[in-house]
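One letter stands for each residue in the lines below.
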Amino acid sequence: MKVLSIALNTFRENLRDKLLYNLLVFALLMIGSSILLMRLTLGEFHRLILDIGLGSINFFGVLIAIFVGIGLVSKEIEKKTIYTIVSKPVARYQFLLGKYLGLTITLFVNTVIMALGLLLVLYAQSVPVDGMLFKALALIFVEFMVITAVALLFSTFTSATLSAIFTLAMYVIGHLTPDLKTFGAKMDDLSRGILDGIYYLLPNLERFNLKGHVVHHLEVSGADLMLIVVYGATYTAALLFSASIIFHRRDFR
Amino acid sequence: MTQNSDLVVQTEQLSKVFRVGFWGKRVTAVDGLNLEVRPGEVFGFLGPNGAGKTTTLKMLMGLIYPTTGHARLFGRDLGGPETKARLGFLPESPYFYDYLTSREFLGFYGHLFGLWGAVLDKRVDELLELVGMAHAKDLQLRKFSKGMLQRVGIAQALINDPELVVLDEPMSGLDPIGRKEVRDLILRLKESGKTVLFSSHILHDAEVLCDRVAMILKGRLVACGRVTDLLDQGVSHQVELVVDRLTREGLDHLRPLTDKVVMQGDRMLVVLKSQQQVGGALEIIRAAKASLVSLTPQKGSLEDLFIREVKGHRSQSEHHA
């Protein structure tokens, strides 16, 4: 119940944050702009709309996850609002989970709004919609959950600016990890071992990217999809667990 | 540690060392502090800025962990939910969720104590009434003045009807009316049987409000006890006289009894060494046919004691250096 109260308060805080609306408006504009861009291309415009649409949802969702996520905890510490929460019968991990859950609710609502924007554009342009689109959207949301947990982990021990830089770096590297494995395969045993270690330690965010599948009408089986969701959930749980341990030990000076 | 479960707050050799800067330089914020706060008393925790007051209170509230030593609240170790449920805390210069209205704000804290629905609504209304903020219950906190924020801050500390209320610098930054309101509120809390522990560097407030005080300097306890006892300690009980038209001869007689004489035309200010000199001085004034304008016994104040302690501490450190 305490976690839920903190989550709802965080959600309310997010709703009253102007940054969120700015990002949302930009995302919707980007999705809408695919109609204009479509006129500049010859054929393949279905692919263009889907590509730009899903890309925008992913990009702006990640921006929200990072820029709202990094403030979740560090802002509470900087502004000392955390003093009144931690001195109440609330365990520190409950505070963290509440903050995390709150932003997850915000991101869910945002993803739904952006997805509705995309569906509207697809409908207006009479582009057929299949189940893969919803699977891709679901995995985009799972990626947001992982990124939010990364941002939360960093914000438990460093400043908002550094958290933003680290999380952005993690996002970029996370999409490049498959290259690490390919690169490692060409190296000697030791280097390959190290690169493989890094590959497994960092989140493999490319796993959540089904944009290509949607655009090229490729199927992903239910079992595969479930496996990717479980991977995302496990990775998120590990991040939240590490964040709780760090947060439990720190002094609020 | 000798445990006394009757005590509301008990610390023994409580210390906190921070590591600051790139090289992790050790800075001792609190050094072997022994404190005891008894049930139902208003306890003032005094000291200049940077003395370690806030650090101590934060340790008691579970916001930072002690480096060494022990502290107990209500006879229990710090940090447990049962202990926290009996506490109310107002941090120094609090900044709250300013996107909330006072009603939402207090409602949120109520939820953390498991208060919901009609019970919570009633409690919130009572508290807003108590701190004189009933008129602003639907106003967002961002529109509040500092005094108003302090008052809803106190209301949030009382949401769970706590046995111990801890206030960190509750009067700082407030205008005289705001300070008086906070003072009245503290007295009302005492009347309703609560224990109040507050830190302050405004000594006058402590003198008026506290049953007992502790004075801390550079993390160390320098004085602790009942306010009246501390004020009697080492204070010389001087008496100040204002006399008109005292002759030179009269003044010569009076001088051995005085510490200081200040002339201002016909009028002079005479500070007698102690109360014992009053009889003799009055005789001399009467004999010299001068007129006595006023006679004021000088009462020691916490401020005198405080300044004495700070000076003593400084000269001690210079001596060591």
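Note that the structure is predicted; figures quoted are calculated from it, not measured.

The rules behind the values
- Residues numbered from 1 in each chain as written.
- Chains lettered and ligands numbered in written order.
- Predicted model: local features only at pLDDT ≥ 70, side-chain atom pairs only at ≥ 80, totals over all residues.
- Helix = DSSP H or I, 4+ residues; strand = E, 2+ residues; numbered from the N terminus.
- Buried ≥ 20, exposed ≤ 12 C-beta atoms within 10 Å, placed from the backbone.
- Axes fitted to C-alpha atoms, helices over the stretch in contact; angles between N-to-C directions.
- Left-handed = near helix turned anticlockwise from the far one by under 90°.
- Contact = placed C-beta atoms within 7 Å.
- Nonpolar A, V, L, I, M, F, W, Y, C, P; charged D, E, K, R; others polar.
- Pairing = 2+ DSSP bridges.
- Domains from an automatic or database assignment.

1. Let's talk about the overall build of chain A
Summing up its helical and strand segments, chain A has ten helices and zero strands in all. Listed N to C, the secondary structure of chain A is α-α-α-α-α-α-α-α-α-α in terms of helices and strands. Along the first, second and third principal axes, the C-alpha set of chain A runs to 60 × 50 × 30 Å. Within chain A, buried positions represent 42% of all 253 residues.

2. Topic: the packing of helix α3 (residues 45–78) of chain A against helix α7 (residues 160–185) of chain A
Residue and element names in this part refer to chain A. One way to put it is that α3 packs onto α7 with a least axis distance of 9 Å and a crossing angle of 145°. Relative to α7, the crossing made by α3 is right-handed. Counting all contacts with α3, which are made through V62, I66, F67, I70, G71, S74 and K75, the residues of α7 involved are A160, S163, A164, T167, L168 and Y171. Per-class residue counts for the contact of α3 with α7 are eight nonpolar, four polar and one charged.

3. Considering the sheet that holds strand β2 (residues 25–37) of chain B
Residues and elements named next belong to chain B. Strand order in this open sheet of four strands is β2-β1-β4-β5, and the pairing throughout is antiparallel. Every other strand in the sheet has two partners, leaving β2 and β5 (76–77) as the edge strands with one partner each. Across the sheet, helix α1 (residues 53–60) lies against β1 (9–20), β2 and β4 (68–73), angled at about 115° from β1, the strand it touches most.

4. Quick look at the domain arrangement of chain B
All names here are of chain B. Partitioning chain B into domains gives domain 1 (9–86 + 162–232), domain 2 (99–158) and domain 3 (239–297). Taken together, the contact between domain 1 and domain 2 spans eleven residues of the former and nine residues of the latter. Looking at which element gives the most residues to the side of domain 1 that touches domain 2, the answer is helix α6 (residues 176–191), with four residues. Each residue belonging to the side of domain 1 that touches domain 2 can be placed in one class, and the counts come to seven nonpolar, two polar and two charged.

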